[in-house]
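Listed below, chain by chain, are the residues.
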Amino acid sequence: MSMWQSSARVLLGLFVMLHALAHAVLPLRGVLEYPPATLSSAIVVVAYSVALVALFAAGVGLAGSRTFARHVVRLMGIGVVSSIIALTWGWDDGVWWGLALDGVLVAAFVAAVNTGIVRTGEGGASRSGRWRPTRWFVEIMACALVAYVAVGTLLWPWHRRWGTTPDERLIALPGDPAVRDPNYELMHAVTIDAPPEVVWAWLVQLGQDRAGFYSYDWLERLFFADVRNVYEIRSEWQQRAEGDFIRATPPNYLGGLFGTDIGWRVSLVQPRRAIVLENWGAFVLEPVGANRTRFMIRSAIGGAETPAWGAALTFALFELPHFIMERKMMLTIKACAERAES
């Protein structure tokens with residue numbers, strides 16, 4: 001295969017992967033119904049999931065993975081058909097472009113086959129010879145990427161509402177906008193066997209320059225955020241007020257490439273009950289009986305006007321990592337508060 005053919009194949013693969021991720025606009029615009037209440041909505045959810053994963057795997061195969069290259073034709077066929085079903089049955093006025101891109105994708109793929117850029121007989125990859133360490137690394141990374149997308153797609157209905165009840169997702173909480181739609185929200189909750197004032201003492205210490213975020217600080221340090229969790233109550237960290245800034249990183253993070261203030265501004269404080277952070281959400285403590293607390297975090301995500309590129313970035317970089325880190329934070333605060341109360 002010539003240099004231009006290899007380059008064209010990789011570009012086609014990147015286009016297919018981006019088109020796959022753009023399907024995340026459907027759940028972020030509230031088009032998909034979780035859990036599906038009708039057969040029609042169930043078909044849309046299944047078609048969306050299959051389209052996103054199959055097309056992404058096909059794109060990875062086109063971009064260079066031999067593992068997925070041998071199945072690229074089948075993956076493309078399944079992915080495009082599923083995409084058409086999802087976009088047609090789950091129609092939204094803003095997703096007409098998705099069907100147009102499906103058409104462009106089919107035309108580009110057929111042209112690639114006819115010009116030898118994609119070789120259907122060999123799946124686009126040579127199977128001869130032993131794999132070198134670099135090839136093993138590429139294939140492991142390719143499988144990890146596809147697995148990440150598959151897990152993120154399948155677990156989205158569960159992790160966006162982790163720990164919450166239907167009633168909790170509907171109730172009004174501090175920091176809610178005047179008009180809200182639960183379809184455009186993330187909400188997580190956990191029950192803590194300690195009263196709100198005990199939980200509050202840990203919650204109010206959040207911040208890179210305070211007690212950290214009670215999550216995987218080694219992972220945060222891996223990205224040079226210099227976060228170090230502190231598992232004790234400090235009196236000097238027990239005050240928060242509206243307008244305060246909660247740092248996510250040191251002021252000199254990456255040499256100030258992203259500015260000196262990376263984090264969240266406090267927009268509302270209700271002592272021992274709630275703290276609301278701009279661009280993150282509302283952290284709310286609700287008493288349950290005399291000595292128990294429901295710790296809830298509600299965040300806004302998506303909306304009727306969410307662009308496809310924004311949905312793709314949110315899906316790829318935010319949704320699953322955010323859940324993993326936030327869940328760990330909530331469970332750590334639960335453990336610390338219950339230990340302090342025991």
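Here the structure is shown first, and the text comes after it.
Below is a short write-up of the structure. (Residues numbered from 1 in each chain as written. Predicted model: local features only at pLDDT ≥ 70, side-chain atom pairs only at ≥ 80, totals over all residues. Heavy atoms only, no water.)

1. Quick word on the packing of aromatic side chains
Move 1: Under the defined criterion, the tally for this structure stands at eight aromatic pairs.
Move 2: Consider the rings of W158 and F323, whose centres lie 5.3 Å apart with planes at 75°: the pair is edge-to-face. Note that W158 is positioned in helix α7 (residues 133–159) and F323 in helix α11 (residues 308–341), a separation of 165 residues in sequence.
Move 3: With a relative accessible area of 44%, W158 lands in the partly exposed category.
Move 4: Each ring, one from F213 and one from W264, has its centre 5.7 Å from the other, and the planes form 80°; the classification is edge-to-face. Pair noted here: F213 is in the loop between α9 (196–203) and α10 (217–222) and W264 is in strand β3 (residues 263–270), with a separation of 51 residues, a long-range link. The same class applies to F213 and to W264, which are both buried.
Move 5: A network of ring pairs unites the aromatic residues F213, W264, W280 and F283 as a single cluster. (Phe/Tyr/Trp six-rings, centres within 6.5 Å; stacked < 30°, edge-to-face > 60°. Helix = DSSP H or I, 4+ residues; strand = E, 2+ residues; numbered from the N terminus. Buried < 20%, exposed > 50% of the residue type's maximum accessible area, 1.4 Å probe, protein only.)

2. A short note on the environment of A86
Move 1: If you trace the backbone, A86 turns up in helix α5 (residues 72–89).
Move 2: A relative accessible area of 0% means that A86 is categorised as buried.
Move 3: The spatial distance from the C-alpha of A86 to the C-alpha of F245 is 42 Å, given a sequence separation of 159 residues.
Move 4: Beyond its immediate stretch of four places on either side in the chain, A86 contacts L26, V44, A47 and Y48. (Contact = heavy atoms within 4.5 Å.)

3. Re the environment of A201
Move 1: Locating A201 in the fold gives a position in helix α9.
Move 2: Of the residues examined, A201 reaches a relative accessible area of 14% and is grouped as buried.
Move 3: Sequence separation between A201 and R272 is 71 residues, and the spatial gap between their C-alpha atoms is 8.0 Å.
Move 4: Apart from the residues within four sequence positions on either side, A201 is in contact with I233 and Q238.

4. Side note on the side chain of T164
Move 1: Following the sequence through the fold, T164 ends up in the loop between α7 and α8 (166–170).
Move 2: For T164, the contacting residues outside a window of four places in its chain are R169, M187, H188, A189 and R294.

The values reported here are purely geometric and, on their own, carry no functional implication.
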